[in-house]
Amino acid sequence: VDHGGLEPRISSSAGASLAESLKRPYSKPSMVAHVALESFTFGSTPPIVSSIRLKGVSDKQSVLHMDIDVGMLLHDAVLLLDIKPSSLEYRSLPSTKVSINSLDARATLSLSLHCSPDYPYVSFLDVSLAEIPDFNLRIEPQNESGLKGIDFGSFPVVSKWIKSSI
């Protein structure tokens, strides 16, 4: 789903970073053999900026450093994963597509903005999380099984793994 504006570019960049992190062997629990990113979008709702704190300015390099507090109610955000179990008792199960959606979070972003004299007046933007945010989300299987529609985010082990991966 393409929501226009900066969303497709930001979702693409965040999705590529997440896909790369899911390739690392330590990024998944031992009972999971394979995890791959199927698709990702932040959705149509922009974050709500509650405060901006200017941390410093580098005149020589034309860089602004700031912290931004944001609230995110991303009800149409979707992260679709393809997951294959690894344990012997589950090896006959097929891969399962899992949707992670309805993200609700508060976060502080550290931002460095490199200014340029030419339009669009920003030559580089570096954004990182100041700390791991606390958030809520829904985790639902997408294949046709008796589990479709169950929110796995309510299971502590699954929720903890997903949150630490994100």
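A short tour of the structure in this document, coming up.

The rules behind each value
- Residues numbered from 1 in each chain as written.
- Predicted model: local features only at pLDDT ≥ 70, side-chain atom pairs only at ≥ 80, totals over all residues.
- Heavy atoms only, no water.
- Helix = DSSP H or I, 4+ residues; strand = E, 2+ residues; numbered from the N terminus.
- Polar contact = N/O pair within 3.5 Å; in protein donor to acceptor, adjacent residues only side chain to side chain.
- Contact = heavy atoms within 4.5 Å.
- Phe/Tyr/Trp six-rings, centres within 6.5 Å; stacked < 30°, edge-to-face > 60°.
- Buried < 20%, exposed > 50% of the residue type's maximum accessible area, 1.4 Å probe, protein only.
- Patch = residues over 30% accessible without salt bridge, like charges linked within 9 Å, V, L, I, M, F, W, Y side chains within 5 Å.
- Areas by Shrake-Rupley, 256 points an atom, 1.4 Å probe, with all protein chains shown as cover.
- Salt bridge = Lys/Arg side-chain N within 4 Å of Asp/Glu carboxyl O.
- Pairing = 2+ DSSP bridges.

On to the side chain of Asp-67. The residue Asp-67 is located in strand 3 (residues 63-85) in this model. A distance of 3.2 Å separates polar atoms of two side chains, one belonging to Asp-67 and the other to Ser-110. When near neighbours in sequence (up to four residues on either side) are disregarded, Asp-67 contacts Ser-51, Ile-52, Arg-53, Lys-55, Thr-108, Leu-109 and Ser-110.

Okay, the packing of aromatic side chains next. Within the structure shown, the criterion is met by two aromatic pairs. Geometrically, the ring pair formed by Phe-40 and Phe-42 is edge-to-face, given 4.9 Å between the ring centres and 75 degrees between the ring planes. A relative accessible area of 25% places Phe-40 in the partly exposed class. Look at Tyr-119 and Tyr-121: their rings are 5.8 Å apart centre to centre, the planes differ by 90 degrees, and that puts the pair in the edge-to-face class. Of the residues examined, Tyr-119 reaches a relative accessible area of 71% and is grouped as exposed. By relative accessible area, which is 48% here, Tyr-121 ends up partly exposed.

With that settled, the discussion passes to a nonpolar patch on the surface. Among the surface-exposed residues, Val-122, Leu-125 and Val-127 lie close enough to one another that they form a single nonpolar patch of about 220 Å² accessible area. Since its relative accessible area comes to 45%, Leu-125 is described here as partly exposed.

For the rest of this paragraph, the subject is the environment of Leu-6. Mapped onto the elements, Leu-6 comes out in the segment before helix 1 (7-22). As a C-alpha pair, Leu-6 and Pro-46 span 40 residues in sequence and 9.9 Å in three-dimensional space.

On inspection of all chains with the given rule, the structure shows two salt bridges. Between Asp-67 and Lys-55 there is a salt bridge, and its shortest N-O distance comes to 3.6 Å. Of this pair, Asp-67 sits in strand 3 while Lys-55 sits in strand 2 (residues 48-58), and the two are twelve residues apart along the sequence. With a relative accessible area of 12%, Asp-67 lands in the buried category.

Judged from the eight bridges that link them, strand 1 (residues 32-41) and strand 3 form a sheet pairing that is antiparallel. Paired with Ala-36 across the strands is Asp-82, a residue of strand 3. Sheet analysis places strand 2 next to strand 3, joined by nine bridges and oriented antiparallel. When the sheet's bridge partners are listed, Ser-58 is paired in strand 3 with Val-63.

Let's shift gears to the side chain of Asn-101. Take Asn-101: it is sitting in strand 4 (residues 96-115). Polar side-chain contacts of Asn-101 include one of 2.9 Å to the side chain of Ser-99. Sequence-distant contacts of Asn-101, defined by excluding residues within four places in its chain, comprise Ala-77, Val-78, Leu-137, Arg-138 and Glu-140.

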